[in-house]
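Coordinates in review
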Amino acid sequence: MSSPSASASPDAASIIATERDTSTTSSKTLGKSDGKPAKEEGNLSVKHSKSPVSGQEQHRPDNERHLLIRGTEKVLQSKSEPNGNYANLKNNRDQDTLFKPPRKKRTVTVDSSKAKTSLEALKISIKHLKWKEFPLGRRSACDIYWHGVSFHENANIVSGQVNKFPGMVEMLRKINMSRAMRTMQELFPEEYDFYPRSWILPEEYQQFTAQLRMEKDSDVLIHHTFIVKPDGGSQGDGIYLIRDPSDLKLVSGSQVRQGVVQEYIHKPLLIDKLKFDIRLYVLIKSIEPLEIYIAKEGLTRFCTEPYQEPSQKNLSHVFMHLTNYSLNVHSGNFVHSDSQSTGSKRTLSSVLYRLAAKGVDIKKVWSDIIALVIKTIIAVVPELKVYYQAEIPPGKPGPTCFQILGFDILLMKNLKPILLEVNSNPSMRIEHEQEIAPGVFEYVPSPVDEDVKVNVIRDTLRLMDPGRKKLAIALPKPAGDGEEVSEEPDSPTSSPEAVLPSLCLKQVYPKYTKQFTYLRLVERIAALFIRFLGVKGNMRLGPTAFRTFIRTCKLSNSAFTMASVDILYIDITRRWAGTLVDSREAGMGLQAFVEAFSSLACRRFKSVSRRQQVVALLELCEAGVSEERRSLSCSRALSGGSRSVTRSSHLSPAPLRRAASQDQRLHYRLKARTLRVNADN
Ligand code: ADP
């Protein structure tokens, strides 16, 4: 399945609507009693109680819910009201302590000292919400820390929430992103066909040229264009188009240039004869559980020279081929406009209106865009989880994270959305550069940017409001997939919430869980990887830990001995060590582990598809891990949970530490061996 079903797709009108959207609080949604199994939300589970005698669901009015609080015997009863909120809560115990009348809300505090270029939009947002800003930081903890670039800008945050995930910058660099997308394309080729074919440079130069030669041999008239992008580049810096591999600039001075070469999408959709792309704001509210929101409003950035299909003559025309604002703003044709529907930067809704007027099915376009966003995030989340556990291992105090991402999307002539890239730090500037005298630029307010970006920041803050979180725990969301979820808490009329417009951010995951969960295979591989990393704070698997993984999952046998396991480990880590920009840390990273996992799957389950092989091996490994967990809890129970309990050797901290230092020694030996091998070549 490549996109959400029509019934699950959002109402196209809601993309455009900016006034209050009441559809998200329908009584139908909350009043549903559809006989689905109990689902858990926060620490509450929603139960449809059955008669102990008949096993049938007891008759209960449609809008009534019973809530069982996990770990207690407390049952709460509530009725949904037409506005989607719960009322008349009855509790068989402790009702008063659980649902006291809401106390006066504590003011939420925001540390904006590291907000950098998003500061202006952040300040306006905080003002709208009547929250308290700490522009110079604060000695005591804040509820929210707003960073301009990365997680690490403010050291030693041990509580609250930070607007960046550790590892996001690294994950979304062009090489890493292409690798993550490639992994998904190998498992789900049809579902991930929205990302252009890409090759990593210089590592895959040979594959790139071989592929082109093959295509040329089969069709002499074929003449592809490619776009070359430096790793870690942004704003169009260092980007160029080529039509022949010999035009690649692989070195600069004595330095090898790292980057990607990508198929150029040569038939983009044009408006006013101009190429344009979409900047969509996406909020990852949490990665565990995965929660994704998309801003209903975005921006479109237009080129400033009419588009022509690429030819040797126009390859260097950046104003024709690259939509970057930072480049086009320097073109004499750039049009600054205070209107949202004209000029070189327009709102997404104005473009969609225009397409709708031409008869384009914008509901389908929007639903394809949502699918693209969810699939892309599913591709990057596994590695993010590895970064997250290394930064904030379980048990260590730390903040929780959320992040606004900027998705750059191109619409092809046939309206298919193509992912160009994801920005971990989308510009949140609400001013634009204007040339006030030849060569002299000044920042002046940009109403289009302000409208879109302030809403995104303000509504992100509203969703991350610690008060809202508590409310969400107290009142569970309705259970079903694909149901609209009310994001509006029952706030007192005195609160700023009461006068704010409805949220511009729309939940797309877990809302569309059903359509996309089957894609989360690499995340399951990452869960195994993290499980065997063992020592807290690690991001690479050592050879001993890799052996433990093989043993626990019972993957070795007479045809695949532990010696072969070691060879596989050495082979793969050696190859990856050569490709990593930063290979200071020895061992097997997640992407290398995924490769090892695929190779094990292929060895074990021949003659089925790649994806089936991986699924089969995952099931085997997950069964191995749970069996081990069961035997561990049995041995704990037998020994009465005393401290002298004999733990499974690879789970107890001491052997783990031993394994880690053993791994370190082994690494040195392997490294020495690798160096010797390289010297021999
Ligand atoms: P940067 O991070 O430097 O902005 P991008 O990957 O966003 O790099 O590329 C810059 C611009 O180049 C995009 O905004 C888009 O206009 C154009 N572009 C990028 N990739 C492609 C592609 N595969 N096909 C067509 N145009 C592309």
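Residues numbered from 1 in each chain as written. Predicted model: local features only at pLDDT ≥ 70, side-chain atom pairs only at ≥ 80, totals over all residues. Heavy atoms only, no water.

Concerning the sheet that holds strand S6 (residues 109-114)
- Within the open sheet, the five strands sit side by side as S7-S6-S8-S9-S21. Their pairing is parallel. Lying at the two open borders of the sheet, with one neighbouring strand each, are strand S7 (132-134) and strand S21 (400-401).
- Pairing between strand S8 (residues 144-147) and strand S9 (residues 161-162): two bridges, direction parallel. When the bridges of S9 are listed, Tyr 145 appears paired with Val 162.
- Sheet strands touched by helix H4 (residues 119-129): S6, S7 and S8. Its angle to S7, the strand with the most contacts, is close to 150°.
- Along the sheet, helix H12 (residues 447-464) makes contact with S8 and S9, crossing S8 at roughly 150°. (Pairing = 2+ DSSP bridges. Helix = DSSP H or I, 4+ residues; strand = E, 2+ residues; numbered from the N terminus. Contact = heavy atoms within 4.5 Å. Axes fitted to C-alpha atoms, helices over the stretch in contact; angles between N-to-C directions.)

Re the pattern of salt bridges
- Enumeration according to the criterion identifies 32 salt bridges in this entry.
- Between Lys 123 and Glu 133 there is a salt bridge, and its shortest N-O distance comes to 2.9 Å. Linking Lys 123 in helix H4 with Glu 133 in strand S7, this pair joins segments that are ten residues apart in sequence.
- A salt bridge links Lys 453 to Asp 449; the shortest N-O distance between them is 2.9 Å. Taken as a pair, Lys 453 and Asp 449 lie in helix H12 at a separation of four residues, close to a single helical turn. Assigned by exposure class, Lys 453 and Asp 449 land together as buried.
- Linked through salt bridges whose partners overlap, the residues forming this network are Asp 277, Arg 279, Arg 301 and Asp 408. (Salt bridge = Lys/Arg side-chain N within 4 Å of Asp/Glu carboxyl O. Buried < 20%, exposed > 50% of the residue type's maximum accessible area, 1.4 Å probe, protein only.)

Side note on the site of the ligand
- The ligand sits among 22 residues. The nearest are Lys 229, Gly 236, Thr 323, Asn 324 and Glu 421.
- Measuring from an oxygen atom of the ligand, one finds a side-chain N or O atom of Lys 229 at 2.7 Å.
- Within the side chain of Asn 324, a nitrogen or oxygen atom sits 2.7 Å from an oxygen atom of the ligand.
- Surface burial for the ligand is 99%, taken as the share of its 540 Å² of free accessible area covered by protein chains.
- Broken down by secondary-structure element, the contributors of at least two residues to the shell around the ligand are strand S11 (226-230), strand S15 (259-263), strand S17 (274-287) and strand S23 (417-423).
- Looking at the shell around the ligand, its residues break down into seven nonpolar, eight polar and seven charged. (Near = heavy atom within 4 Å. Polar contact = N/O pair within 3.5 Å; in protein donor to acceptor, adjacent residues only side chain to side chain. Areas by Shrake-Rupley, 256 points an atom, 1.4 Å probe, with all protein chains shown as cover. Nonpolar A, V, L, I, M, F, W, Y, C, P; charged D, E, K, R; others polar.)

Section: the nonpolar core
- Counting 106 residues, the largest nonpolar core has Leu 280, Val 373, Phe 407, Phe 546, Phe 549 and Phe 597 as its most contacted members.
- At 19 residues, the largest contribution of residues to this core is made by helix H11 (residues 362-391).
- Dropping the residues within four chain positions of it, Phe 407 is found in contact with Ile 278, Arg 279, Leu 280, Val 282, Leu 372, Val 373, Thr 376, Ile 377, Leu 419, Glu 421 and Val 422.
- By size, the runner-up hydrophobic cluster in this structure holds 31 residues, among which are Leu 122, Tyr 293, Ala 295 and Leu 299. (Core = buried A, V, L, I, M, F, W, Y, C linked by side-chain atoms within 4.5 Å.)

Let's talk about the side chain of Thr 573
- You can see Thr 573 is positioned in helix H17 (residues 562-579).
- On the basis of relative accessible area, Thr 573 is assigned to the buried category, the value being 12%.
- A distance of 2.5 Å separates the side chain of Thr 573 from the backbone oxygen of Tyr 569, its partner in a polar contact.

Quick look at the environment of Val 228
- Inspection of the secondary structure assignment puts Val 228 in strand S11.
- Judged by relative accessible area, which is 5%, Val 228 ranks as buried.
- Sequence separation between Val 228 and Gly 259 is 31 residues, and the spatial gap between their C-alpha atoms is 7.3 Å.
- Leave out the neighbours within four places in its chain, and Val 228 touches Leu 201, Gly 238, Ile 239, Tyr 240, Ile 242, Leu 248, Val 260 and Val 261.

Describing helix H16 (residues 543-552)
- Buried residues dominate H16, accounting for eight of its ten residues.
- Along H16, the positions that sit buried rather than exposed are Pro 543, Thr 544, Ala 545, Phe 546, Thr 548, Phe 549, Ile 550 and Thr 552.
- Positioned one or two residues after H16, Lys 554 has a phi angle of 50°, which is positive.

A closer look at the packing of aromatic side chains
- Within this structure, the stated rule accounts for 17 aromatic pairs.
- Measuring from centroid to centroid gives 5.8 Å for Phe 188 and Tyr 518, while their planes differ by 85°, and the two rings are edge-to-face. Here Phe 188, found in the loop between helix H6 (174-187) and strand S10 (198-201), pairs with Tyr 518, found in the loop between helix H14 (513-516) and helix H15 (521-533); they are 330 residues apart in sequence, far enough to count as distant.
- Relative accessible area serves as the criterion here: at 0%, Phe 188 is assigned to the buried category.
- Taking 5.1 Å as the distance between ring centres and 20° as the angle between the ring planes, the aromatic pair formed by Phe 276 and Phe 302 counts as stacked. In this pair, Phe 276 is assigned in strand S17 and Phe 302 in strand S19 (residues 299-302), connecting sequence segments 26 residues apart. Like Phe 276, the residue Phe 302 is buried in the burial classification. (Phe/Tyr/Trp six-rings, centres within 6.5 Å; stacked < 30°, edge-to-face > 60°.)

A look at the pairing of S19
- Across the two faces of S19 the burial is the same, with Leu 299 and Arg 301 and Thr 300 and Phe 302 all buried.
- One ladder, built from three bridges, connects S19 with strand S20 (residues 345-347); its direction is antiparallel. In the sheet register, Arg 301 faces S20, and the bridge partner there is Lys 345.

A short note on the confidence of the model for the protein
- Taken as a whole, the protein shows an average pLDDT of 80; of its residues, 73% reach a score of 70 or greater.
- In the predicted structure, residues 642-661 sits below a pLDDT of 50 and forms 24 contacts with residues beyond four places in sequence or in another chain. (pLDDT = per-residue confidence, 0-100.)

A closer look at the sheet that holds S10
- Spatially, S10-S15-S11-S12 is the arrangement adopted by the four strands of the open sheet, whose pairing is antiparallel. Sheet topology places S10 and strand S12 (240-242) at the edges, where each strand pairs with a single neighbour. This sheet shows a mean twist of 25° between the axes of neighbouring strands, independent of strand direction.
- Direction of pairing for S11 relative to S12: antiparallel, over a ladder of three bridges.

Description of the state of the cysteines
- A full pass over the atoms with the stated rule returns zero disulfides.
- With no disulfide of its own, Cys 553 lies 3.7 Å from the sulfur of Cys 621, the closest cysteine sulfur. (Disulfide = S-S within 2.5 Å.)

Concerning the side chain of Thr 109
- Along the chain, Thr 109 falls in strand S6.
- With relative accessibility at 6%, the residue Thr 109 sits in the buried group.
- Once you skip the residues sitting within four places of it in the chain, Thr 109 turns out to touch Lys 132, Phe 134, Arg 138, Ala 141, Cys 142, Asp 143 and Ile 144.

So, the environment of Thr 323
- With respect to the helices and strands, Thr 323 occurs in the loop between helix H8 (318-321) and helix H9 (325-328).
- Put simply, Thr 323 and Asp 277 are 46 residues apart on the chain and 6.4 Å apart in space, counted from C-alpha to C-alpha.
- Sequence-distant contacts of Thr 323, defined by excluding residues within four places in its chain, comprise Lys 275, Phe 276, Asp 277, Arg 301, Phe 302, Cys 303 and Asn 328.
- Within the local environment of Thr 323, its side chain forms a polar contact with the side chain of Asp 277, the two groups lying 3.2 Å apart.

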